[in-house]
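Overview (structure and organization)
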Protein chains: 2
Amino acid sequence: MSPDSTRKITLAPMLSVRNGAKAVEFYQAAFGADTLFRLDDGGAVVAQLSIPGAGQGAEFWVADESPEHANFSPETLGGCTVRLVLTVEDPDAVFDRAVAAGATTVWPVADQPYQWRVGRLVDPFGHHWEIGKPL
Amino acid sequence: MSPDSTRKITLAPMLSVRNGAKAVEFYQAAFGADTLFRLDDGGAVVAQLSIPGAGQGAEFWVADESPEHANFSPETLGGCTVRLVLTVEDPDAVFDRAVAAGATTVWPVADQPYQWRVGRLVDPFGHHWEIGKPL
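Residues numbered from 1 in each chain as written. Chains lettered and ligands numbered in written order. Predicted model: local features only at pLDDT ≥ 70, side-chain atom pairs only at ≥ 80, totals over all residues. Heavy atoms only, no water.

Sheet strands pair via backbone hydrogen bonds, and the direction of the pair is either parallel or antiparallel. The sheet built from eight strands is open, its strands ordered 6(A)-7(A)-8(A)-5(A)-1(B)-4(B)-3(B)-2(B) with mixed pairing. Both outer strands of the open sheet, strand 6 (104–111) of chain A together with strand 2 (34–41) of chain B, are each paired with one neighbouring strand and no more. Each neighbouring strand pair of the sheet contributes to a mean axis angle of 20°, computed without reference to strand direction. Looking at chain direction, strand 1 (residues 10–17) of chain B and strand 4 (residues 58–64) of chain B are connected through four bridges and run parallel. Bridging from a neighbouring strand, Val-17 of chain B pairs with Asp-64 of chain B of strand 4 of chain B. (Pairing = 2+ DSSP bridges. Helix = DSSP H or I, 4+ residues; strand = E, 2+ residues; numbered from the N terminus. Axes fitted to C-alpha atoms, helices over the stretch in contact; angles between N-to-C directions.)

Listed below in structure tokens is the structure:
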């Protein structure tokens with residue numbers, strides 16, 4: 001354990017996208033995300049979102065890309081360097097809702113040999129999500 | 001609130017890297033990360049790590065890239081699509097330890113006009129971290 005072991009620590013991914021405003025709308029529709037913070041700055045958006053759940057929920061950030069600051073969208077780079085592992089109690093329902101909101105199935109939710117029930121989708125902004133739960 | 005509001009939910013980023021084994025060593029040295037799970041499969045590593053703190057700590061995953069499965073390292077794409085916002089009580093100390101372990105400063109920890117004390121670094125595998133706390 002580090003000297004920080006009694007101190008609060010959180011890690012939240014910040015997703016770079018093209019069209020942050022539309023991305024926030026998508027994550028609200030797909031995951032029921034609440035907006036905790038939002039800054040609109042000359043067309044660019046930075047937003048802190050939380051997918052509701054027990055405790056503080058699942059927090060993440062969405063921001064318009066700014067390649068001049070080394071923040072690249074998946075559309076600009078042609079792929080993702082981080083995928084998002086979303087653990088929920090009912091992965092089938094959460095996955096289906098996201099697809100209904102506009103995400104595309106990469107592989108459907110199924111029981112995997114590594115003892116997770118999980119599926120993978122890509123959202124309209126190019127970010128990949130694995131939605132599942134341990135069995 | 002969604003129908004899931006009373007259910008446990010977590011979101012953990014999975015970082016694609018070249019040389020997952022060395023990346024795990026780096027995150028142990030830089031952040032004092034504990035290994036919660038590790039699978040070694042023919043040279044490729046998938047590991048679940050946690051940076052200790054109050055509660056369950058800050059969990060993330062590290063995995064060797066697999067471009068055939070759309071998992072790309074920052075080295076392969078030449079940039080990052082997600083940056084990692086690590087909130088800690090002492091950002092200066094956490095930042096300095098990571099730099100001592102081999103990360104490179106993008107901009108140093110300082111008080112920002114948006115009321116965070118935060119700095120940005122890039123780790124040896126090309127992932128960008130913003131390490132800070134709200135003021």
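One frequently used descriptor of interface size is the decrease in accessible area upon assembly of the parts. Chain A puts 52 residues into the contact, and the matching count from chain B is 53 residues. Between chain A and chain B, a total of about 4500 Å² is buried, with carbon and sulfur atoms accounting for 57% of that surface. Of all residues in chain A, the largest losses of buried area upon contact with chain B belong to Ile-9, Leu-11 and Thr-81 of chain A, amounting jointly to 18% of the total for that side. For the pair chain A and chain B, the number of links is zero salt bridges. (Contact = heavy atoms within 4.5 Å. Buried area = accessible area lost by both parts, 1.4 Å probe. Salt bridge = Lys/Arg side-chain N within 4 Å of Asp/Glu carboxyl O.)

A separate point is the packing of aromatic side chains. Residue and element names in this part refer to chain A. For the structure shown, the criterion picks out 20 aromatic pairs over all chains. Geometrically, the ring pair formed by Tyr-27 and Phe-31 is stacked, given 6.3 Å between the ring centres and 5° between the ring planes. You can see Tyr-27 and its partner Phe-31 sitting in helix 1 (residues 20–31), four residues apart, about one turn around the helix. Per residue, the accessibility class of Tyr-27 equals that of Phe-31, and both read buried. Among the aromatic residues, those joined into a cluster by ring pairs are Phe-26, Tyr-27, Phe-31, Phe-60, Phe-125 and Trp-129. (Phe/Tyr/Trp six-rings, centres within 6.5 Å; stacked < 30°, edge-to-face > 60°. Buried < 20%, exposed > 50% of the residue type's maximum accessible area, 1.4 Å probe, protein only.)

Okay, the sheet that holds strand 7 (residues 116–122) of chain B next. Taken together, the eight strands give an open sheet; going across it, the order is 2(A)-3(A)-4(A)-1(A)-5(B)-8(B)-7(B)-6(B), and neighbouring strands pair in mixed fashion. Because the sheet does not close on itself, it has two edges, and the strands there are strand 2 (34–41) of chain A together with strand 6 (104–111) of chain B. Strand-to-strand twist of the sheet, defined as the mean angle between neighbouring strand axes without regard to direction, takes the value 20°. Note that strand 6 of chain B and strand 7 of chain B share five bridges and pair antiparallel. By the bridge assignment, Asp-111 of chain B is partnered in strand 7 of chain B with Arg-117 of chain B.

The next subject is unusual backbone geometry. If you check the backbone angles, Ala-70 of chain A has positive phi at about 65° while not being a glycine. Judged by its relative accessible area of 25%, Ala-70 of chain A is partly exposed. A positive phi is found at Gln-115 of chain B, a non-glycine position, where the angle reads about 70°. Residue Gln-115 of chain B is classed as partly exposed on the basis of its relative accessible area of 48%.

The next point concerns a nonpolar patch on the surface. A grouping of Leu-36, Phe-37 and Leu-39 of chain A is seen on the molecular surface, where their side chains present a nonpolar patch of about 270 Å² in accessible area. As for its placement among the helices and strands, Leu-39 of chain A is situated in strand 2. (Patch = residues over 30% accessible without salt bridge, like charges linked within 9 Å, V, L, I, M, F, W, Y side chains within 5 Å. Areas by Shrake-Rupley, 256 points an atom, 1.4 Å probe, with all protein chains shown as cover.)

So, about the packing of helix 1 of chain A against helix 3 (residues 91–100) of chain A. Packed helix pairs are characterised by how far apart their axes lie and by the angle those axes make with each other. All names here are of chain A. Closest axis-to-axis distance for the helix 1/helix 3 pair is 7 Å, and the angle between their directions is 140°. In terms of axis orientation, helix 1 runs oblique to helix 3. As helix 1 runs across helix 3, the sense of the crossing is right-handed. Between helix 1 and helix 3, the contacting residues are Phe-26, Gln-28, Ala-29, Ala-30 and Phe-31 on the first element and Val-94, Arg-97 and Ala-98 on the second. (Parallel < 35°, antiparallel > 145°, perpendicular 65-115°, else oblique. Left-handed = near helix turned anticlockwise from the far one by under 90°.)

Mean pLDDT over chain A stands at 94; residues scoring 70 or higher make up 96%. As scored by the predictor, the complex reaches a pTM of 0.94 and an ipTM of 0.93. (pLDDT = per-residue confidence, 0-100.)

Here we take up the environment of Ala-12 of chain B. Relative to the elements of secondary structure, Ala-12 of chain B occurs in strand 1. Judged by its relative accessible area of 7%, Ala-12 of chain B falls in the buried class. The sequence separation of Ala-12 of chain B and Phe-60 of chain B amounts to 48 residues, and the corresponding C-alpha distance is 5.0 Å. Dropping the residues within four chain positions of it, Ala-12 of chain B is found in contact with Arg-83, Leu-84 and Val-85 of chain A together with Glu-59, Phe-60 and Trp-61 of chain B.

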